Amino acid sequence: YTLASFIPQDEHVSGYQYVILNGINSHELNEYANNPDIIVTRSDNKAHIVEDTNGENILANLWGNDEVSVGSIKISSPVSIILNDDVDTLTLSLSDPTRSLTQVALKIDGNFNIKSDPEGRISVKGDTVVINLESLNGTTYHFSLERDDSASVDSHRSDDNSGGGAVDVLAMFFLGILGLRRMH
């Protein structure tokens, strides 16, 4: 089966937002409509950014070379990014939908070290993190950074003793419209 969807893009049909919710019934749809678990924090010609209501996960599509803040990082490249901020670790998934970038530089608040870099593509110097995208051809690269400033770690701690844990996230980037739903 093939499913297709089209939403006309013109000046008279603007300001709408939607989320794709797979396999739910009408009661669950009404429940979600009354208690959404995402917030659209930006939707303009520079970026579309959504985050979950607890502030741990941020998803963004950036359109150009203007500097855009995504959580605690600043980016000046057309990328798609998922950022998970979990007490002392930033976990990032980044891709270049244009398939033309060779590297992306991020400015990050605080001091960080590389925690996970499976292909050795990350370099950190001061508050700048550079990701080498050569030969990825738009493929998403996953990596994580660990806070290196004990004062920063303490200022990011919460009373939640759940230990963080893994969060499964479904990210839909379709025609510049973002959707996020935590999957159980």
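Residues numbered from 1 in each chain as written. Predicted model: local features only at pLDDT ≥ 70, side-chain atom pairs only at ≥ 80, totals over all residues. Heavy atoms only, no water.

Peer 1: With reference to specific residues and values, describe the side chain of serine 77.
Peer 2: Within the secondary structure layout, serine 77 lies in the loop between strand S5 (73–75) and strand S6 (80–86). The residues contacting serine 77, other than those within four sequence positions of it, are Leu62, Gly64, Asn65, Leu101 and Val104. (Helix = DSSP H or I, 4+ residues; strand = E, 2+ residues; numbered from the N terminus. Contact = heavy atoms within 4.5 Å.)

Peer 1: Talk me through the nonpolar core; I want residue IDs and the actual numbers.
Peer 2: Core analysis: the biggest nonpolar cluster contains 27 residues, and Val70, Ile75, Leu92, Leu106 and Leu145 have the highest contact counts within it. When residues no more than four places from it in sequence are discounted, the contact partners of valine 70 are Ile49, Ile58, Ala60, Leu62, Ile75, Ile81 and Leu83. (Core = buried A, V, L, I, M, F, W, Y, C linked by side-chain atoms within 4.5 Å. Buried < 20%, exposed > 50% of the residue type's maximum accessible area, 1.4 Å probe, protein only.)

Peer 1: Describe the sheet that holds strand S3 (residues 57–62), and please don't skip the residues or the numbers.
Peer 2: The antiparallel open sheet is built from seven strands, whose spatial order is S1-S2-S3-S6-S7-S12-S9. With one partner strand each, in any of the chains shown, strand S1 (38–43) and strand S9 (112–116) form the two edges of the open sheet. Ignoring which end each strand starts from, the neighbouring axes of this sheet average 20 degrees apart. Direction of pairing for S6 relative to strand S7 (residues 89–95): antiparallel, over a ladder of seven bridges. Across the sheet, residue leucine 83 finds its bridge partner in S7, namely leucine 92. (Pairing = 2+ DSSP bridges. Axes fitted to C-alpha atoms, helices over the stretch in contact; angles between N-to-C directions.)

Peer 1: Tell me about the sheet that holds strand S4 (residues 68–70), and please be specific about residues and values.
Peer 2: Within a sheet, adjacent strands bond to each other through the backbone by hydrogen bonds, running parallel or antiparallel. One open sheet holds the five strands; their spatial order is S4-S5-S8-S11-S10, and the pairing between them is antiparallel. In the strand order of this sheet, the two ends are held by S4 and strand S10 (122–125), each with one partner. Taking the axes of each pair of neighbouring strands and ignoring which way they run, one obtains an average angle of 30 degrees across the sheet. Where S10 lies against strand S11 (residues 128–132), four bridges are found, and the strand directions are antiparallel. When the sheet's bridge partners are listed, lysine 125 is paired in S11 with threonine 128.

Peer 1: Explain unusual backbone geometry residue by residue, including any values.
Peer 2: A positive phi angle, close to 65 degrees, is found at serine 135, a residue other than glycine. On the secondary structure map, serine 135 appears in the loop between S11 and strand S12 (141–147). Its relative accessible area of 64% is what places serine 135 among the exposed residues. With a phi close to 50 degrees, asparagine 137 is a non-glycine residue in the positive phi region. By relative accessible area, which is 55% here, asparagine 137 ends up exposed.

Peer 1: Describe the pattern of salt bridges, with residues and values.
Peer 2: Inspection of the entire model under this criterion finds five salt bridges. A salt bridge links aspartate 66 to lysine 46; the nearest nitrogen and oxygen atoms lie 3.7 Å apart. Here aspartate 66 is found in the loop between S3 and S4, whereas its partner lysine 46 is found in the loop between S1 and strand S2 (47–52), with 20 residues between them in sequence. Residue classification places aspartate 66 among the partly exposed residues on the basis of a relative accessible area of 43%. Since its relative accessible area comes to 35%, lysine 46 is described here as partly exposed. (Salt bridge = Lys/Arg side-chain N within 4 Å of Asp/Glu carboxyl O.)

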